[in-house]
2 protein chains.
Amino acid sequence: MRPLILLSNDDGYQSRGLAALIEAVRPLGDVFVCAPDGPRSGASCSITTEVPVSYRHIRSEEGLKIYSCSGTPCVCVKLALDELLMRQPDLIVAGINHGSNASINMHYSGTTAVTTEAALHGIPSVAYSLDNHDPSGRVEHLVPICAHIAKLTLENGLPYGSYLNVNFPDVEEIKGIRVCRMAYSRWVEEFEPCPRSRGGHHFWLTGEQVDDEPNNDTTDLWAMRHDYAAITPIMVDPTDHKLIQTMQDWDL
Amino acid sequence: MRPLILLSNDDGYQSRGLAALIEAVRPLGDVFVCAPDGPRSGASCSITTEVPVSYRHIRSEEGLKIYSCSGTPCVCVKLALDELLMRQPDLIVAGINHGSNASINMHYSGTTAVTTEAALHGIPSVAYSLDNHDPSGRVEHLVPICAHIAKLTLENGLPYGSYLNVNFPDVEEIKGIRVCRMAYSRWVEEFEPCPRSRGGHHFWLTGEQVDDEPNNDTTDLWAMRHDYAAITPIMVDPTDHKLIQTMQDWDL
């Protein structure tokens, strides 16, 4: 039986990055797309229980089915797994996102929300993002490298509860692939005033990401700044076991 | 100088749980509240950059200032840190949430989004949740235990990038406090059909949380089922270092 590959994203089923990722993984198996019906950037793992979720069949052809869903990226994955698919997929891929999800950005990302949901179900998964926010930006050159990483993930599998967060630098020629840890970084100057004649306090959320360890060559931000694709393996169980030990001395 | 304590949540500034948490931490320092202007349950670490964020001053009294914000829980914290506060808080607390955020629920939670944002800024923080979804449910009995944990956190500090996820069982008498790891659990039967005469495929997101290791007494779900308050220490850097090593053998 051909592998079954579920694909979602946070830019919506019509995004250019999604089309490129379909092209990348189609040679590897049957592809089932369940993606948001519009942009959901910055959705993180949000879910809603207050309004119903709906889905629509967009189109089908040999080895490819595309559905759109009114929910967030996490809900797209849940819906596909619980309602739309006849069997558990062998791989879940997300992206290609228009914008970097390296370092701490994975906490806000709807792209890594897809892979978080996958890892919570014990399904190997890979999130792909390009460090360029332009939704019309070129991603097609990433097809071979996305396919290569997806193929290796299918072949090797991943430990239960872990996924791969892949981030590409926005360069003509990617030098290679590095497996990295998440860089310590911060967002600074996050609010830009947005004056309004009627008064009130209004701001645009904006800002710059600052790498707190720019010379550390083991991080994802270092790799990208040096024209490498960065793969950061992430666990969905972030328990701080060391702190559990430390807290034995607290007077709880 | 008295400690400065920032408080937020995902149930909104008018929630009963927030009032209880103000009462708990007020004896420990000056309290600054920046909480959503309405419910944001399930918001996770979502942020929006497509609409401006606004805030409103609600009221001030000696040692207490309350602001509401139109953004998500993460944005409430960012706004307080970047725009509203004159100095960095010594502690950030979230809750008391109406509903459990134990085990994998922390991925979807707007309550732990507050503490994630805190930990990303290196500020010690504690998220409090009660295993009862009723927004009018009683939380006032938790004031002393919330105060106790907050006081110990202020005194002992936390490692950079870690926070405490505290979950209370919904019982008359809590037996004690256990420091736990996150239980492996799953949400099952997540979609309930929501038929509509005009047609289409509509569902309510619902489901049951299943503990995959019910007899393991080191987990948060075990502690809560046995009437203990569970403290799960969480890291905001979930890099899988072991998988980085494993992947050295991949043909990347």
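Described below are features of the structure shown in this document.

Rules of the game
- Residues numbered from 1 in each chain as written.
- Chains lettered and ligands numbered in written order.
- Predicted model: local features only at pLDDT ≥ 70, side-chain atom pairs only at ≥ 80, totals over all residues.
- Least-squares fit on C-alpha atoms with pLDDT ≥ 70 in both.
- Contact = placed C-beta atoms within 7 Å.
- Helix = DSSP H or I, 4+ residues; strand = E, 2+ residues; numbered from the N terminus.
- Nonpolar A, V, L, I, M, F, W, Y, C, P; charged D, E, K, R; others polar.
- Pairing = 2+ DSSP bridges.
- Axes fitted to C-alpha atoms, helices over the stretch in contact; angles between N-to-C directions.
- Parallel < 35°, antiparallel > 145°, perpendicular 65-115°, else oblique.
- Left-handed = near helix turned anticlockwise from the far one by under 90°.
- Core = buried A, V, L, I, M, F, W, Y, C linked by C-beta atoms within 7 Å.
- Buried ≥ 20, exposed ≤ 12 C-beta atoms within 10 Å, placed from the backbone.
- Expected span 1.5 Å × (residues − 1).
- Arc of directions from axis to C-beta.
- Right-handed = clockwise from strand over helix to strand, strands pointing away.

1. Let's talk about the relation of the copies chain B and chain A
Thought 1: Superposing chain B onto chain A takes a rotation of 180° plus a shift of 0.0 Å along the axis, which leaves an RMSD of 0.0 Å. Those values place the two copies in the arrangement expected of a two-fold rotation axis. When C-alpha positions in chain B are compared against the rotation axis, the closest is assigned to B:Pro238, at 2.6 Å.
Thought 2: Both copies share a contact surface, since 100% of the interface residues of chain B are interface residues in chain A too.

2. Let's talk about the interface of chain B and chain A
Thought 1: With 55 residues of chain B at the interface, the matching set in chain A holds 55 residues.
Thought 2: Of all the secondary-structure elements, those providing two or more residues to the side of chain B that touches chain A are strand S3 (53-61), helix H2 (73-84), helix H3 (111-120), helix H4 (143-156), strand S8 (177-179), strand S11 (201-205), strand S13 (229-235) and helix H6 (241-246) of chain B.
Thought 3: In terms of residue class, the side of chain B that touches chain A is made up of 31 nonpolar, 16 polar and eight charged.
Thought 4: In terms of strand pairing, strand S3 (residues 53-61) of chain A meets S11(B) through three bridges, oriented antiparallel. Bridging across to S11(B), A:Tyr55 finds its partner in B:His201.

3. Regarding the packing of helix H2 (residues 73-84) of chain A against helix H3 (residues 111-120) of chain A
Residue and element names in this part refer to chain A.
Thought 1: Running from N to C, H2 and H3 point in directions that differ by 40°, and their axes come no closer than 8 Å. With respect to their mutual orientation, H2 and H3 come out oblique. Both H2 and H3 take part in a crossing whose hand is right-handed. Contacts between H2 and H3 involve Pro73, Cys74, Val77 and Lys78 on the former and, on the latter, Ala113, Val114, Glu117 and Ala118.

4. Examining the sheet that holds strand S13 (residues 229-235) of chain A
Thought 1: Here eleven strands make up an open sheet; going across it, the order is S8(A)-S13(A)-S7(A)-S6(A)-S5(A)-S1(A)-S2(A)-S4(A)-S3(A)-S11(B)-S10(B) and the pairing mixed. The open sheet terminates on both sides in strands that have one partner only, identified here as strand S8 (177-179) of chain A together with strand S10 (191-193) of chain B. Ignoring strand direction, the axes of neighbouring strands in this sheet form an average angle of 25°.
Thought 2: The pairing of strand S1 (residues 4-8) of chain A with strand S5 (residues 91-98) of chain A spans four bridges and is classified as parallel. Residue A:Leu7 lies in a different strand from S5(A), and its bridge partner there is A:Val93.
Thought 3: Sheet strands in contact with H2(A) are S1, strand S2 (30-36), S3, strand S4 (64-69) and S5 of chain A together with S10 and S11 of chain B, and its direction is about 135° off that of S2(A).

5. Some remarks on the environment of A:Ser162
Thought 1: Among the structural elements, A:Ser162 can be located in strand S7 (residues 162-168).
Thought 2: In this structure, A:Ser162 is in contact with A:Ala119, A:Pro233, A:Ile234, A:Met235, B:Asp240 and B:Leu243, ignoring residues within four places of it in sequence.

6. Let's talk about the sheet that holds strand S10 (residues 191-193) of chain A
Thought 1: With respect to topology, eleven strands assemble into an open sheet ordered S10(A)-S11(A)-S3(B)-S4(B)-S2(B)-S1(B)-S5(B)-S6(B)-S7(B)-S13(B)-S8(B), the strand pairing being mixed. Each of the sheet's edge strands pairs with one partner strand only, and the pair in question is S10 of chain A together with S8 of chain B. Direction aside, the axes of adjacent strands within the sheet are offset by 25° on average.
Thought 2: Sheet topology note: the strand S2 (residues 30-36) of chain B/strand S4 (residues 64-69) of chain B ladder contains six bridges and is parallel.

7. Here's the deal with the nonpolar core
Thought 1: Judged by nonpolar contacts, the single largest core of 155 residues is most densely connected at A:Leu21, A:Cys34, A:Val93, B:Leu21, B:Cys34 and B:Val93.
Thought 2: Beyond its immediate sequence surroundings of up to four residues, A:Cys34 is in contact with A:Leu6, A:Ser8, A:Tyr67, A:Cys69, A:Cys76, A:Leu79, A:Ala80 and A:Leu84.

8. Some points on unusual backbone geometry
Thought 1: Residue A:Gly95 is joined to A:Ile96 through a cis peptide bond whose omega torsion reads -15°.
Thought 2: With respect to the helices and strands, the residue A:Ile96 is situated in strand S5.
Thought 3: The phi torsion at A:Ser44 lies on the positive side, around 50°, for a residue other than glycine.
Thought 4: Mapped onto the secondary structure, A:Ser44 falls in the loop between S2 and S3.
Thought 5: For B:Asp227, which is not glycine, the phi dihedral falls at a positive 70°.
Thought 6: Counting through the fold element by element, B:Asp227 comes out in the loop between helix H5 (220-225) and S13.
Thought 7: Among the residues examined, B:Asp227 registers 15 C-beta atoms within 10 Å and is labelled partly exposed.

9. Considerations on H4(B)
All names here are of chain B.
Thought 1: With 14 residues, H4 should cover 20 Å at 1.5 Å per step; its first-to-last C-alpha distance of 20 Å lies within 8% of that length.
Thought 2: For H4, the set of buried residues is Cys146, Ile149, Ala150 and Thr153. Across the axial projection of H4, the buried residues extend over an arc of 100°, all falling on one side. Turned more than 90 degrees away from the buried face of H4 sit Pro144 and Glu155, all of them exposed.
Thought 3: In the core, the buried residues of H4 are packed alongside helix H1 (16-25), strand S5 (91-98), strand S6 (125-130) and strand S7 (162-168).

10. A few points about H3(B)
Residues and elements named next belong to chain B.
Thought 1: Of all ten residues that make up H3, ten are buried, and the element is covered over most of its length.
Thought 2: Where H3 is concerned, the buried positions are Thr111, Thr112, Ala113, Val114, Thr115, Thr116, Glu117, Ala118, Ala119 and Leu120.
Thought 3: Check the buried side of H3 and you find it contacts strand S1 (4-8), H2, S5, S6 and S7.
Thought 4: At the exit of H3 stands Gly122, carrying a positive phi of roughly 75°.

11. Description of the pairing of S6(B)
Residues and elements named next belong to chain B.
Thought 1: Burial of S6 is extensive: six of the six residues sit out of reach of the surface.
Thought 2: Here S6 shows two buried faces, one formed by Ser125, Ala127 and Ser129 and the other by Val126, Tyr128 and Leu130.
Thought 3: Pairing geometry for S5 and S6, over five bridges, is parallel. Across the sheet, residue His98 finds its bridge partner in S6, namely Leu130.
Thought 4: With H3 bridging S5 and its parallel neighbour S6, the resulting β-α-β unit is right-handed.
Thought 5: As paired elements, S6 and S7 share five bridges and run parallel to each other. Bridge assignment links Tyr128 to a residue of S7, and that residue is Val166.
Thought 6: Regarding topology, H4 serves as the crossover connection from S6 to the parallel S7, and that connection is left-handed.

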